[in-house]
Amino acid sequence: MNRLLFTLELGTPVWLKLAAPAGAQDDAKKVKLRWFGQSMFQLETAAGKLVVFDPQMIPTFGPPRLSADVTLISHPHNDHNQLEALKEKGRVFEGVRAGKGTKTEWVAVDEKVGAIRVRTVGTYHDTTNGMQRGKNSVWVVEADGLTFAHLGDLGHELTEAQVKAIGKVDVLMVPVGGIYTLNGEQAKKIVEQIKPRLFVLPMHYGVPGYDDLLPATEFLEEQKNLKKLTDTNELEIPVEMKADEPAVVLLGWKGPTKPEPVPDPKKQPEKK
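Caption draft 1: Here's a closer look at the pattern of salt bridges. The final tally for this structure, using the stated rule, is 11 salt bridges. Here Glu 142 makes a salt bridge to Arg 117, at a shortest N to O gap of 3.2 Å. Of this pair, Glu 142 sits in strand E14 (residues 135-143) while Arg 117 is found in strand E13 (residues 116-124), placing the two residues 25 residues apart along the sequence. One salt bridge in this structure joins Lys 188 and Glu 185, with 3.3 Å as the shortest N-O distance. In this pair, Lys 188 and Glu 185 are both assigned in helix H3 (residues 184-194), 3 residues apart and thus about one turn of the helix distant. When salt bridges with common partners are traced through the structure, they connect Asp 110, Arg 117, Arg 119 and Glu 142 into a single cluster.

Caption draft 2: Representation of the packing of aromatic side chains within the structure. With the rule as written, the count across this model stands at 6 aromatic pairs. Taken together, Trp 35, Phe 41 and Tyr 205 form an aromatic cluster joined through their ring pairs. Directly above the ring of Trp 106 sits Lys 135, whose terminal nitrogen or CZ lies 5.2 Å from the centroid.

Caption draft 3: Region of the structure containing a nonpolar patch on the surface. Judged by side-chain polarity, Ile 179, Tyr 180 and Leu 214 come together as a nonpolar surface patch covering roughly 280 Å² of accessible area. When you line up the elements, Tyr 180 lands in the loop between strand E16 (171-175) and H3. The exposure class assigned to Tyr 180 is partly exposed, which follows from its relative accessible area of 39%.

Caption draft 4: Just the sheet that holds strand E12 (residues 110-113), in detail. The strand order across the open sheet formed by 8 strands is E12-E13-E14-E15-E16-E17-E20-E18, and the pairing between neighbours is mixed. Strands with a single pairing partner mark the edges of an open sheet, and in this sheet they are E12 and strand E18 (226-229). Across the sheet, the axes of successive neighbouring strands diverge by a mean angle of 20°, strand direction being ignored. In this sheet, E16 lies alongside strand E15 (residues 146-150) in parallel orientation, the contact comprising 3 bridges. In the sheet register, Ala 149 faces E16, and the bridge partner there is Leu 172.

Conventions adopted
Residues numbered from 1 in each chain as written. Predicted model: local features only at pLDDT ≥ 70, side-chain atom pairs only at ≥ 80, totals over all residues. Heavy atoms only, no water. Salt bridge = Lys/Arg side-chain N within 4 Å of Asp/Glu carboxyl O. Helix = DSSP H or I, 4+ residues; strand = E, 2+ residues; numbered from the N terminus. Phe/Tyr/Trp six-rings, centres within 6.5 Å; stacked < 30°, edge-to-face > 60°. Lys NZ or Arg CZ within 6 Å of the ring centre and 35° of its normal. Patch = residues over 30% accessible without salt bridge, like charges linked within 9 Å, V, L, I, M, F, W, Y side chains within 5 Å. Areas by Shrake-Rupley, 256 points an atom, 1.4 Å probe, with all protein chains shown as cover. Buried < 20%, exposed > 50% of the residue type's maximum accessible area, 1.4 Å probe, protein only. Pairing = 2+ DSSP bridges. Axes fitted to C-alpha atoms, helices over the stretch in contact; angles between N-to-C directions.

The quantities given are spatial measurements derived from coordinates; they are silent on function.
Spelled out as structure tokens, the structure:
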């Protein structure tokens, strides 16, 4: 069984590599997953296609201004559906849309955009079948042979039918901040239900400067395979990756900080 090697280099993204010869590592196809705070992620496929989940414009996180070939919105709340956060939106899919009056309706999506398949599984934003906070959709994305599940603002444990509809998952993005969604202990139960193969990424929790939600502390407690990679917001995943057990990865919501260049004292300043 190949073992995972985690290396973090200053000023560069995190590389998660299979223990293989250097040439094989360099040539391996990889996907990239970037977190931009709250529930906003950008998935970059091996071919460079971009999928953005739940764009937001919360001031704490700063306006990301990303580009997307596909934009996925789990539900119509203003911290999940801010299309103005995107320079390019590509094809936009909504998992929940407005119905009659104050009602909302799930949108059954199962489509391919090029080599990317996107589909929805209908869930709720609370434990009362949407009576408090409405409906929510789980997004399941298949790309490069990997399956990514983004749970949006899930607020309850899943039924057997919902787990079956989601199917096998390699990378899971799960809310853990409570108040409006799953809290840490509930999120752990969801992870047990879905059983992702490679990674679990917590989202939708409080951070310094944004305390509307609880921090990720409860979810992170007693996690046996926890990787805190808060110096970067990017996770690289080889498409042929194998793992004995999934890793819980805590990302930062900013990109890696590049050190300021050190001036060369011998170099003369340019004449203006």
